[in-house]
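# An overview of the molecular structure
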Amino acid sequence: MAKGEGGEQYSSASLLNKPVGSDGIKLAKKHEHRNRLSVCNKLCYAIGGAPYQITGCALGFFLQIYLLDVAQLDPFYASIILFVGRAWDAVTDPTVGFLVSRSPWTRFGRMLPWILFSTPLAVLSYFLIWYVPPFEDSKVIWYLFFYCVFQTLQTCFHVPYSALTMFISSEQKERDSATAYRMTVEVLGTVLGTAIQGQIVGMANAPCLPGPGDIIANLNNSVNSVGLNESEPVISLDHTKAAYMIASGVICLIYILCAFVLFFGVREQKESCRPRSEPMSFFQGIKLVMGHGPYAKLVMVFLFTSLAFMLLEGNFALFCSSTLGFRNDFQNILLAIMLSATLAIPFWQWFLTRFGKKTAVYAGTLSVVPFMILVVCLKSNLIVTYVVSFAAGVGVAAAFLLPWSMLPDVVDDFQVQNPNSTGHEALFYSFYVFFTKFASGVSLGISTLSLDFAGYISRGCSQPEEVHLTLKVLVSAAPIALIIIGLIILYFYPIDEERRQGNRKLLQEQRDNETDSDTDSTELANVV
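The structure reproduced in this document is the subject of the present report. From a predicted model like this one, the values you see are computed outputs, not experimental measurements.

## Digging into the packing of aromatic side chains
Scanning all chains against the criterion turns up 26 aromatic pairs. Between tyrosine 45 and tyrosine 161, the ring centres sit 5.1 Å apart and the planes meet at 25°, which makes this aromatic pair stacked. In this pair, tyrosine 45 sits in helix H3 (residues 39–47) while tyrosine 161 sits in helix H7 (residues 139–163), placing the two residues 116 residues apart along the sequence. Each member of the pair, tyrosine 45 together with tyrosine 161, is buried. Centroid distance phenylalanine 145 to phenylalanine 146: 5.1 Å. Interplanar angle 80°. Geometry classified as edge-to-face. By the ring-pair criterion, three or more aromatic residues cluster together here, those being Tyr66, Tyr126, Trp130, Tyr143, Phe150 and Tyr244.

## Concerning the packing of helix H15 (residues 330–355) against helix H16 (residues 357–366)
In contact at an axis separation of 7 Å, H15 and H16 are set at 135° when each is read in the N-to-C sense. With respect to H16, the element H15 is oriented oblique. As for how H15 packs across H16, the hand of that crossing is right-handed. Facing H15, whose interface residues are Trp348, Phe351, Leu352 and Phe355, H16 presents Lys357, Thr359, Ala360, Ala363 and Gly364. Taken together, the residues of the contact of H15 with H16 sort by class into 6 nonpolar, 2 polar and 1 charged.

## A few points about the pattern of salt bridges
On inspection of all chains with the given rule, the structure shows 4 salt bridges. The residue glutamate 186 makes a salt bridge to arginine 182 at a minimum N-O spacing of 2.9 Å. Within this pair, glutamate 186 and its partner arginine 182 are both found in helix H9 (residues 172–201), separated by 4 residues, close to a single helical turn. Judged by its relative accessible area of 1%, glutamate 186 is buried. Residue classification places arginine 182 among the buried positions, given a relative accessible area of 1%.

The rules behind each value
Residues numbered from 1 in each chain as written. Predicted model: local features only at pLDDT ≥ 70, side-chain atom pairs only at ≥ 80, totals over all residues. Heavy atoms only, no water. Phe/Tyr/Trp six-rings, centres within 6.5 Å; stacked < 30°, edge-to-face > 60°. Helix = DSSP H or I, 4+ residues; strand = E, 2+ residues; numbered from the N terminus. Buried < 20%, exposed > 50% of the residue type's maximum accessible area, 1.4 Å probe, protein only. Axes fitted to C-alpha atoms, helices over the stretch in contact; angles between N-to-C directions. Parallel < 35°, antiparallel > 145°, perpendicular 65-115°, else oblique. Left-handed = near helix turned anticlockwise from the far one by under 90°. Contact = heavy atoms within 4.5 Å. Nonpolar A, V, L, I, M, F, W, Y, C, P; charged D, E, K, R; others polar. Salt bridge = Lys/Arg side-chain N within 4 Å of Asp/Glu carboxyl O.

In structure tokens:
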């Protein structure tokens, strides 16, 4: 605070002839207190990340099954809905980021109003995704429309929420700590989304359809099977529809609750007193953020690693049920991974503060590789699968935490190199989300086409050997190759701990000078 005190001394001596030192100390304490976040603040901020993960988990695991088996759409039209929805979702992120970056400051902040006003319509559109309309001709339009509307409104929530990291505190340590809280809650959100949707609609899963080999193998037991089926309670399609609507209703209530906790529990700090940059066009914004070398490298790193983890996530349930034969246990295996990831978040937060963020990315990402190899090499064993999945969750936690922990460092680096260009935080976050969603769409397309070429049988009790080989590639070989590519790019990422700490000091000096200048102007105005 030497420069800050010097500015205060000059102001006091030349303008007010007041004693030097006391005001500077008060100003320093006030600045320190303003940037310190309480545990309550961090928890309220973290809770705001749950809706994105809960709804994303429910849609990711269950929407395709719902469209095929409950809404009873043709697989071709279901594929159109899923692909177009993902593509639209990716496009909306930089668009909303551009609009948010041009939003004026309000008494509630610049990010929080987006979160508040998008919530009611987002909840309504999400609920209508899981409603089967009473007409047949326009079902495809119905689901495509509300899926795209929800993705747009969800983006209006998530992009400002992601950029809010830069406005809850100007201290890197506080932002990193809040990010760790957020990642813990978001991982819990994936657990909650899996549990809610799985428990409520789990009994509505359609039974598998036996193939020719299964029919021949079970001919001798056909009479007994009929008798058993007659004694079991029959689940009608109406029961299945009701189960999905109940699950969506519960998730909608959680969405609303989390949004209100975030809005009323977090105070968005006004950005520096420097005037914001002149508004720029959408393509100028793209050129601006992608032209910053560290950001481009970081995005490429996590584009490849995100694609690896999304291939694993998108195909692991099918791998467990079809290749390993754990059709009735895959939901519990997924829960084991998510619970392990939740417990590991504090460890990775400690690790990155102790050894640095680049080292944490290497250690966290590579920690998953042995378990990717083990799960496809070992013979099918439920206990071993649980152990391997729980261990793999430790690496999944690093994939959740580290990208969001490193993005503020890139934004700080940009502000140091471009001190006169401000107000672009939402653009950096929205383009990162765009690339991760792009990776999600690519993984969905690769998986679907690969399984189609391998001869996957929809709802089949058994699959061809080519399908088992394809699933092993999708959950092991392909993700490992993508992880290696991402880590090679990370080697050239220039922001190490020394540069990060240097940026932090430079930005702190800028803020101190701006605060002193603001104080001088106020004192001069009071004297006049």
